[in-house]
Amino acid sequence: MSTTYSSNNILNAVAAAAKTLGDRKEEVNRLNVFPVPDGDTGTNMSLTIESVVGNVANLPIGASGADIRKAITTGALMGARGNSGVITSQILRGLCEGSQGFDTLSTESLASAFAKAQEVAFQAVRKPVEGTILTVLRDAAAAAKNAADEGLDTEAALDAIVAEAYASVQRTPDLLPVLKEHGVVDAGGFGLAILFDAFVAALLGRSGTMVDEMSFLRNAHPKVEIEQVNDWEGSNFRYCNEFLVDSDTLDKDEALKFLGTMGDCELCVGEVPKFKVHVHSDHPDQVLAYFLERGQVSEVFIHNMELQSAERTEKLAAEEEAEKKPLGFVAVAAGEGNADILKSLGVNVVVSGGQTMNPSTKDLLEAAQSVNADAVIILPNNSNIIMAANSAADLAEFPCAVVPTKSVPQAFSALFAVDQDASLETNVEEMTEAAQAVQSGEVTWAIKDSKDAEGNPIHEGDVIGIADGSIDAVDSTVEGAVLTLLEKMDADDADTCTILAGEDYTDEQLEALVARIEEAYEDLEIDAQRGGQPLYPIIFSVE
């Protein structure tokens, strides 16, 4: 089904999208760690789309669709800045080319436009990387095709494209390790989703954008801590070189081969006689010399990315200082999953450790000192670490206290009791009370012959279940030990059971365990998560 939108409607929506991205460019810049941590992705994308707006503003009233598409394509190419800006320019070019031949905006024209945008943008990049702006574009194009296949109306199709763009952005850390390492989503992909979102909102006459409804950064990555990048690791090359080339003879394929010998992130886009060149290289002079032999060079920008990265680090440090909180938290945990959950609940620093891997007083003190807060609470999460945590709190030259948690599940409950407006002393009291209401169980294997709490023999290799420090179950299977512990912990009287699966405990095993517990305790609410801890296939709690 098609919907009639005038050229003015569409151009006004483009202008609105440009303004929204301009307003949020620093938010995008903060996320920028790939391909280099230079902190300018939002700025570059914003400048690119602003050039488009400036170019179409010069069109006469009543300009044809062909003239408008040419103005958008030319404006994007001429104004493209940086790797992200050049790719954005190619996305816009593809959208314009793919919409040719359609008189109205429809699900069919959207599918065609996005398919062409994907084709053009991927052709421009010699080595596409998953988890970047290209991935978000591809997923948005798939949403456009699905909308057409399903016969959705134009408004529903536009909403589906925007929703999938944001969903794709949320998935980028799982596709690109450097993003997960630094706790961010892809900056270029997020910038593209903002553009789509703002364009659709303006076109449909909405006052707000979908990202506001989704509370995107809060829900997708709760309490995101953007890591400062102090070491120059993002590129083997120092300078970002970009410029326009006017040439009737330039061979793009040969130019790209040459750029590949000069550095990385090489792009050469456009058509005779206008081309845009981008490359990261340590030899700007040689890059410029090659193109000067083949045409006229203009709009030359050469940026020192190492200095840009340093500026980004300084800016993040200043923002972090400005965001100082009254209360911060340090927690001890083993396993990536456990650490992620703790951070999502407000923990600022997770110190790696646990049973057989106890951090020192120095480790805990340094972690507490790194937290940007007026006061800090340490959650040791193991009885063997409580003493070191208390020593660290005593040595701290700022308000610091310990909530003596003996397991990670106890820390979860304690963190739910936090009140940032209350005093340190009140929070310690309330958090301790919440933690003590939690019964914790751990299942592992005996490493030597011993006896359980009732004096029964334990043999090396037996599965043992430990309830709050007491060996109360001996079994041949993990599931059997868990069920024995639940019975001894009076799970019939509990409301919830939190399960943390260890690094070697498979999803299939976890599903089978949950099924057995649900069968035995019909009224018990179970929350199963991947904790990732070593040595202990299952850690759980009931309360």
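Above this text sits the structure in question.
First, a word on scope: everything that follows refers to the structure included in this document. Quick caveat: nothing in here was measured; it's all calculated off a predicted structure.

Here we look at the sheet that holds strand 7 (residues 325-333)
(1) Moving on: Overall, parallel pairing links the four strands, which are arranged 8-7-9-10 in an open sheet. Of all the strands in the sheet, the pair left with one neighbour each is strand 8 (349-352) and strand 10 (400-402). Each strand of the sheet is rotated relative to its neighbour by a mean of 20°, with strand direction disregarded.
(2) Moving on: When strand 7 meets strand 9 (residues 373-379), the two strands line up parallel, connected through six bridges. Note on strand 9: the bridge partner recorded for glycine 328 is valine 376.
(3) Moving on: Where helix 20 (residues 424-436) meets the sheet, its contacts fall on strand 7, strand 9 and strand 10, and the angle it forms with strand 9 comes to roughly 20°.

So, the pattern of salt bridges
(1) Moving on: On inspection of all chains with the given rule, the structure shows 18 salt bridges.
(2) Moving on: Here glutamate 293 and arginine 294 are joined by a salt bridge, their closest N and O atoms 3.3 Å apart.

Notes on the side chain of threonine 172
(1) Moving on: Within the secondary structure, threonine 172 sits in helix 8 (residues 154-175).
(2) Moving on: Threonine 172 gets classed as buried once you look at its relative accessible area, which sits at 0%.
(3) Moving on: At 2.7 Å, the side chain of threonine 172 and the backbone oxygen of valine 169 are in polar contact.
(4) Moving on: Sequence-distant contacts of threonine 172, that is, excluding residues within four places in its chain, are made with Gly131, Val136, Leu179, Val185 and Asp186.

Section: the pairing of strand 5 (residues 274-281)
(1) Moving on: Strand 5 sits mainly inside the fold: seven of its eight residues count as buried.
(2) Moving on: Bridge count between strand 3 (residues 239-246) and strand 5: eight bridges; the pairing is antiparallel. Its bridge partner being in strand 5, tyrosine 239 is matched across the sheet by serine 281.
(3) Moving on: Taken together, the seven bridges between strand 4 (residues 263-271) and strand 5 define a ladder with antiparallel strand orientation. Bridged to leucine 267 within strand 5 is histidine 278.
(4) Moving on: Linking two consecutive strands that pair antiparallel, namely strand 4 and strand 5, is a turn of two residues.

About the cut-offs
Residues numbered from 1 in each chain as written. Predicted model: local features only at pLDDT ≥ 70, side-chain atom pairs only at ≥ 80, totals over all residues. Heavy atoms only, no water. Pairing = 2+ DSSP bridges. Helix = DSSP H or I, 4+ residues; strand = E, 2+ residues; numbered from the N terminus. Axes fitted to C-alpha atoms, helices over the stretch in contact; angles between N-to-C directions. Contact = heavy atoms within 4.5 Å. Salt bridge = Lys/Arg side-chain N within 4 Å of Asp/Glu carboxyl O. Buried < 20%, exposed > 50% of the residue type's maximum accessible area, 1.4 Å probe, protein only. Polar contact = N/O pair within 3.5 Å; in protein donor to acceptor, adjacent residues only side chain to side chain.

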